[in-house]
Amino acid sequence: MRIFRALLGMSVAGACALAVLPGVALAAPAAPYTVLTVNLGLHEPTPVSGSAVYDSSNATMDAAASAGDWLRLTAILPDRYVRIDTAAPAGQTWTAGQTYPTVRAGRAAGEALFDMSTAGNGCAYGSGSITVREVARDADTGLMTAFAASYEFRCDRDVEMMTGELRWNSAVDYVAPVADPGRLNFGSVDVAEQRSRTVRVRALGSTPSTFGAAGIAGEHAAKFAVTADTCAGRTLTAGAECTVTVVSKATTPGSFVAALRLPDNSSTGHWTIPVEVSAIRSVVGTYYPMTTPTRIMDTRTGNGTVKGKIGAGRTAFLQVAGRDTLPRNGIGAVVLNVTVIGPTANGFVTVHPAGEALPTASTINFAKGWLGSNNTTVKLGTTGAVSVYNRNGETDVVIDVIGFYAGDESMSFERGMGGQVQWYEPYRVMDTRTRGLIPAGGEFNAWIDFHAYNPKVKGLILNITAVNPQQAGFLTSWSGEVPRPNASTVNYGAGKVVPNLAYVKTMPCPEGSCNGATGAARYRFYTSATTHIVVDLVGVVDDGTEVDGMRFTPMSPTRIVDSRIGQGLPTALGAHEAGKVTAPAAMLTDATQVLAMNVTAVAPTTNTVVTVWPADTGRAKPNASNLNPAPGQVVSNGVLGVLGPQDAFYIDNLSGRTHLVADVTGTFQVYAGTAAGSRRAGKPAVAGSGWSAHSVG
């Protein structure tokens, strides 16, 4: 720990701060010069807090000389002072042109005194050197009448010296560039960001400053780079200035300090400006699952809203942030399962950020008397709420929250690092039609084994389909860590084929379970009615560290496809016809890979299957479905719309003819902090999957 000694004398409070650069051109100082320059460099900000030039333009310069070639020079400012004490080695006098080793106290033979201090702040130890440029004495008394020197001073055990010039009644010119700011602090910067800062350099000396090319030095030099330099090769007279721009480019978390070196014609040969950054791995856009799906709205009971159906053209306000175990602040978007129960007319419900205008978009579309659900990701309004709008008739609405995405860095303090999303081409991991129906009231475990990747898996994104249930009911999926929640994942009618996108928190398979796949990602199912269940893997939520993980950026619902009016697709799709949709450039960055969408089939002419997959990759349509609409239905489902290399996706209709609508609620982009650089060849492979259909109850 640094030890400070109390300093007696002037009762001036505060620490020395960077001298402010003049805002107008200056005339060069005239001899004789009384000046003190300080280049703090990488030295700790003790006893002065920053680099500066002190002379009669900004300070009262007080000097006193005494026997032993002792000199005290004090720069007095309104709120502080900076003082230099120096003396020749005991029994000697200064000799111009000679360099002397210096100490603050306890001089040995041949050592000169040099100390720097300010009010209440100094160094317990001090060392360095002083090079005398000029010394003049009174012929009668022998006391000094003029002095000029360059110094190096190390306070306590700092690694690097501070440097500067000392003049008292001297005719010796000096070079004095000064930088603003004197310390380039980038603050907290995401490792995915390259932030730029610019430093102004101004010549304040009696002779012009000539600069070479700026560069970065020090142990952490690779964390920064000079991107612009108007100083290199220039000679600046007093008052003239130039600039150097530096970018922070730390790609790993940590605190890093380096030195911006600006070569010049000063006695030390350079001016040093510390550069520092606290590089963090951002949590913005990472996913945090709820421990279990949680019901936050039910118009049948008044949970979260006014009790009673939502009327035609009416909007219910739903506060999300701060509900149950949800954080009050820092949520950017929430993953919701929205269920409509008993609507009195054909229509749709739109869930959108509270406080924003109703968008041209829908969240869930339904027929009169329908029971069904849809997974959607919704940006929160500024108050942490969403609006739930019903178009026609009256309907009950139930909303379960599954998880949320961080909207700012405050989430890191409350919840730590969230998960990133890894998209997968649809991969079938479960189909009970090969082994028999799942009975009503049955709970059972299912799992997916990724082998070495298992420890990084914190959740799964699945397309779950109930196939031909024997009666109307619902299916719930959750981690199985706690008892079955009061929430639903898929709501189905008897004899229907009903899919829904689901984010499912997982837990590792305990030893001896999951047919020996210890550590595999395990989750649990419940079905209220006897049914077949088909599950396709479409994504994985990792632990926030996996290569090429994606972060989510929410947006207000935006329609990009409506084949009824020729938007995105020119017309309805016929049987075995695939349309190509190019995502609007305005919603993309170079890192965007996936669109979070709500896709709606509008009045197909027959039972059909709608499938979405990336375009321009040469891959065939996957053996999977996103929608399974019946004739005349208007039905929606959440879809991860993976984009191909030309920022497009295919959407295929299997049978008959159907119109299609797609609304985007956000985008997923690769996070530079965990990016592979060049895109890796594939995702960690699924080594196996299974379910324990006989472990019910």
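This section reports on the structure supplied with the text. This one's a predicted model, so the numbers in the text were calculated from it and none came from an experiment.

Let us now look at the sheet that holds strand S23 (residues 331-341). Taken together, the four strands give an open sheet; going across it, the order is S21-S28-S23-S26, and neighbouring strands pair in antiparallel fashion. Each edge of the open sheet is held by one strand with a lone partner, namely strand S21 (287-298) and strand S26 (371-379). The average undirected angle you get between the axes of adjacent strands in this sheet is 20 degrees. Relative to strand S28 (residues 396-406), S21 runs antiparallel, the two being bridged by seven bridges. When the sheet's bridge partners are listed, threonine 294 is paired in S28 with valine 401.

All right, on to the packing of aromatic side chains then. The final tally for this structure, using the stated rule, is 19 aromatic pairs. With 5.3 Å between their ring centres and 10 degrees between their planes, tyrosine 288 and phenylalanine 404 make a pair best called stacked. Linking tyrosine 288 in strand S21 with phenylalanine 404 in strand S28, this pair joins segments that are 116 residues apart in sequence. In this structure, tyrosine 288 and phenylalanine 404 share a single accessibility class: buried. An aromatic cluster is built from Tyr287, Tyr405, Tyr503, Phe552 and Phe668, whose rings are joined through pairwise contacts. The positively charged end of lysine 223 is found above the aromatic ring belonging to phenylalanine 256, 4.7 Å away from the centroid. In this arrangement the basic side chain of arginine 435 is found over the ring face of tryptophan 691, its NZ or CZ atom lying 4.3 Å from the centre.

With that out of the way, let us pick up the pairing of strand S10 (residues 162-170). The side chains of a regular strand alternate, first on one face of the sheet and then on the other. The buried count for S10 comes to eight of nine residues, which makes it a mostly enclosed element. Looking at chain direction, strand S1 (residues 33-38) and S10 are connected through three bridges and run antiparallel. From the neighbouring strand, leucine 36 faces S10, where its bridge partner is leucine 166. As paired strands, strand S9 (residues 144-155) and S10 are joined by seven bridges and run antiparallel to one another. Of the residues in S10, the one forming a bridge with serine 150 is glutamate 165.

For the rest of this paragraph, the subject is the side chain of threonine 102. Within the secondary structure, threonine 102 sits in strand S6 (residues 99-103). Taking relative accessible area as the criterion, threonine 102 reaches 3% and is therefore assigned buried. A polar contact of 3.2 Å, which involves the side chain of threonine 102, links it to the backbone nitrogen of serine 129. Other than its neighbours up to four places away in sequence, threonine 102 contacts Ala112, Phe114, Gly126, Ser127, Gly128, Ser129, Ile130 and Glu152.

So, on to the sheet that holds S9. Taken together, 10 strands build an open sheet; the order of strands is S2-S1-S10-S9-S8-S6-S7-S5-S4-S3 and the sheet is mixed. Edge positions in the sheet fall to strand S2 (52-54) and strand S3 (60-66), since each has one partner strand and no second. Taken pair by pair, the neighbouring strands of this sheet meet at an average axis angle of 20 degrees, ignoring direction. The sheet contact formed by S3 and strand S4 (residues 70-77) spans seven bridges and is antiparallel. Looking at S4, one finds that serine 66 is bridged to tryptophan 70.

Here the structure, examined in full by the defined rule, presents three disulfides. Here cysteine 231 pairs with cysteine 242 through a disulfide, and the sulfurs are 1.9 Å apart. Across the disulfide from cysteine 231 to cysteine 242, rotation about the S-S bond amounts to roughly 95 degrees, and the bridge is consequently right-handed. Taken together, the residues cysteine 231 in the loop between strand S16 (224-229) and strand S17 (235-236) and cysteine 242 in strand S18 (residues 241-248) connect sequence positions 11 residues apart. By the burial criterion, cysteine 231 is buried, and cysteine 242 matches it. Note that cysteine 509 is cross-linked by a disulfide to cysteine 514, the S-S spacing being 1.9 Å. For the disulfide bridge between cysteine 509 and cysteine 514, the dihedral angle about the S-S bond is near -85 degrees, and by the sign convention the bridge is left-handed.

Here the structure, examined in full by the defined rule, presents 28 salt bridges. In this structure, the salt-bridge partner of aspartate 115 is arginine 104, at a minimum N-O distance of 3.9 Å. With a gap of 11 residues between them, aspartate 115 in strand S7 (residues 112-118) and arginine 104 in the loop between S6 and S7 connect regions that are remote in the sequence. Judged by relative accessible area, which is 6%, aspartate 115 ranks as buried. Each of Asp180, Arg200, Arg202 and Glu241 takes part in one network of salt bridges that share partners.

The residue lysine 505 is located in strand S34 (residues 497-505) in this model. Overall, the relative accessible area of 22% leaves lysine 505 in the partly exposed class. Distance in space between the C-alpha atoms of lysine 505 and glutamate 481 is 9.4 Å, their sequence separation being 24 residues. Residues within four places of lysine 505 in sequence aside, it is in contact with Pro289, Met290, Thr291, Lys458, Gly459, Trp478, Ser479, Glu481, Arg522 and Tyr523. Within the structure, lysine 505 has its side chain in polar contact with the side chain of glutamate 481 (distance 2.6 Å).

What counts, and where the lines are drawn
Residues numbered from 1 in each chain as written. Predicted model: local features only at pLDDT ≥ 70, side-chain atom pairs only at ≥ 80, totals over all residues. Heavy atoms only, no water. Pairing = 2+ DSSP bridges. Helix = DSSP H or I, 4+ residues; strand = E, 2+ residues; numbered from the N terminus. Axes fitted to C-alpha atoms, helices over the stretch in contact; angles between N-to-C directions. Phe/Tyr/Trp six-rings, centres within 6.5 Å; stacked < 30°, edge-to-face > 60°. Buried < 20%, exposed > 50% of the residue type's maximum accessible area, 1.4 Å probe, protein only. Lys NZ or Arg CZ within 6 Å of the ring centre and 35° of its normal. Polar contact = N/O pair within 3.5 Å; in protein donor to acceptor, adjacent residues only side chain to side chain. Contact = heavy atoms within 4.5 Å. Disulfide = S-S within 2.5 Å. Salt bridge = Lys/Arg side-chain N within 4 Å of Asp/Glu carboxyl O.

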